Amino acid sequence: MTDYAALVHGEALPKERVDAVLNAVPPRDHETHPDTFARAERQRRRWATQVAVIDELSQRACKERRLPIAPHRGAGNCATSHNAPAAAEQQIPPPPLERTALTSQHVADLGSIVAVALAHSPAARTLLSHLEREQHIPDQAVRDYYTRNPDRFLTPDALRRGVDPFSNPPPEDFLPFEAAREGIARELRRAAAHRAFFDWLDQARADVVYAHGHEHPGDPSHPDHEHRH
């Protein structure tokens, strides 16, 4: 039996990193059937391995990009393997800490593995924030979004009156474009950063080798196979 959960670019990822994730995320109800619970726990370990791998890959990416990793103020920090960059390198502001709050919307948008990785890995949040700063959203894209989604920009009064945004109501029933521009751009930039993060992750973990019992939960090669995010 190996003493590591995975080989990340040839280097061992200790099982303790996976245990740290498992300790931070409550297990399923123990009242379920023993066989069902045992299978769920095996899958939970595989799931936690993915979170730990994302943390490790994110730490390496931050180090390569010389990004200072903001400290995690809550429990369940799974970042343990690398030291922060030297003070002379810490010129980029840390990511906003509100990203640590995990919501059902985060899980819906990102999938549970990535959502939990972002909740528990300061490095993953730092990298995502960096990618977000890199995104350029053309003004035309912002305007197109405003035009395509009139239901999102009704005024509070129009909402109270039950105005149908698609029935050509008067302009005063809508938030003006200039007032909505910044929020739309921020939302589009965040969505673009999420896509960039997933693209990076797909490439970064392509060569990861998993130890027995730590395969991806959706890997069909193990008997507990299921494909959920």
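Scroll up for the structure.
This section reports on the structure supplied with the text. Position labels on residues start from 1 in each chain and follow its written sequence. In view of the model being predicted, local features appear only for residues whose pLDDT reaches at least 70, and side-chain atom pairs are presented and counted only at 80 or more, with totals across whole chains, interfaces and linings using the full set of residues. Side-chain figures throughout are based on the complete set of non-hydrogen atoms in the structure, without hydrogens or water.

**Quick notes on helix α5 (residues 122-134)**
Okay, so step 1: For α5, spanning 13 residues, the distance from its first C-alpha to its last is 19 Å, which sits close to the expected 18 Å at 1.5 Å a residue.
Okay, so step 2: For the exposure calls, accessible area comes from a 1.4 Å probe over protein chains only, and a residue counts as buried if that area is under 20% of its type's maximum, exposed if over 50%, partly exposed in between. Helix numbering and strand numbering both begin at the N terminus, where a helix is a DSSP run of H or I of at least 4 residues and a strand a DSSP run of E of at least 2. Burial within α5 is extensive, with 11 of its 13 residues counted as buried.
Okay, so step 3: Every buried residue of α5 is listed here: Pro122, Ala123, Ala124, Arg125, Thr126, Leu127, Leu128, Ser129, His130, Leu131 and Glu132. Expected span, for any helix, means 1.5 Å times one less than how many residues it has.

**Section: the nonpolar core**
Okay, so step 1: Here the nonpolar core consists of buried residues drawn from Ala, Val, Leu, Ile, Met, Phe, Trp, Tyr and Cys, with membership extended through side-chain atoms lying within 4.5 Å. Among the nonpolar cores identified, the biggest contains 34 residues, and Phe197 and Trp200 are the most heavily contacted of them.
Okay, so step 2: Those elements that place two or more of their residues in this core are β1 (4-8), α1 (15-24), α2 (34-65), α4 (112-120), α5 and α8 (177-204).
Okay, so step 3: With nine residues, α2 is the single largest residue contributor to this core.
Okay, so step 4: Throughout, a contact is declared for two residues whenever any of their heavy atoms are within 4.5 Å. Excluding residues that lie within four positions of it along the chain, Trp200 makes contacts with Ile54, Leu57, Ser58, Ala61, Arg65 and Leu127.
Okay, so step 5: Judged by nonpolar contacts, the second largest core, of 15 residues, contains Val142, Tyr145, Val163 and Ala180.

**Details of α8**
Okay, so step 1: Across its 28 residues, α8 extends 39 Å between first and last C-alpha, which sits within 8% of the 40 Å expected from 1.5 Å per residue.
Okay, so step 2: Given a residue, its bend is the angle between the two axes fitted to the seven residues that end at it and to the seven that start from it. Of all the bends in α8, the greatest, near 25 degrees, is centred on Gly183.
Okay, so step 3: Among the residues of α8, those classed as buried are Phe177, Ala180, Ile184, Ala185, Leu188, Ala192, Ala193, His194, Phe197, Trp200, Leu201 and Ala204.

**Quick notes on the side chain of Ser58**
Okay, so step 1: Inspection of the secondary structure puts Ser58 in helix α2.
Okay, so step 2: Once you skip the residues sitting within four places of it in the chain, Ser58 turns out to touch Ala123, Ala124, Leu127, Phe197 and Trp200.

Scope: geometric values only; no functional claims are made or implied.
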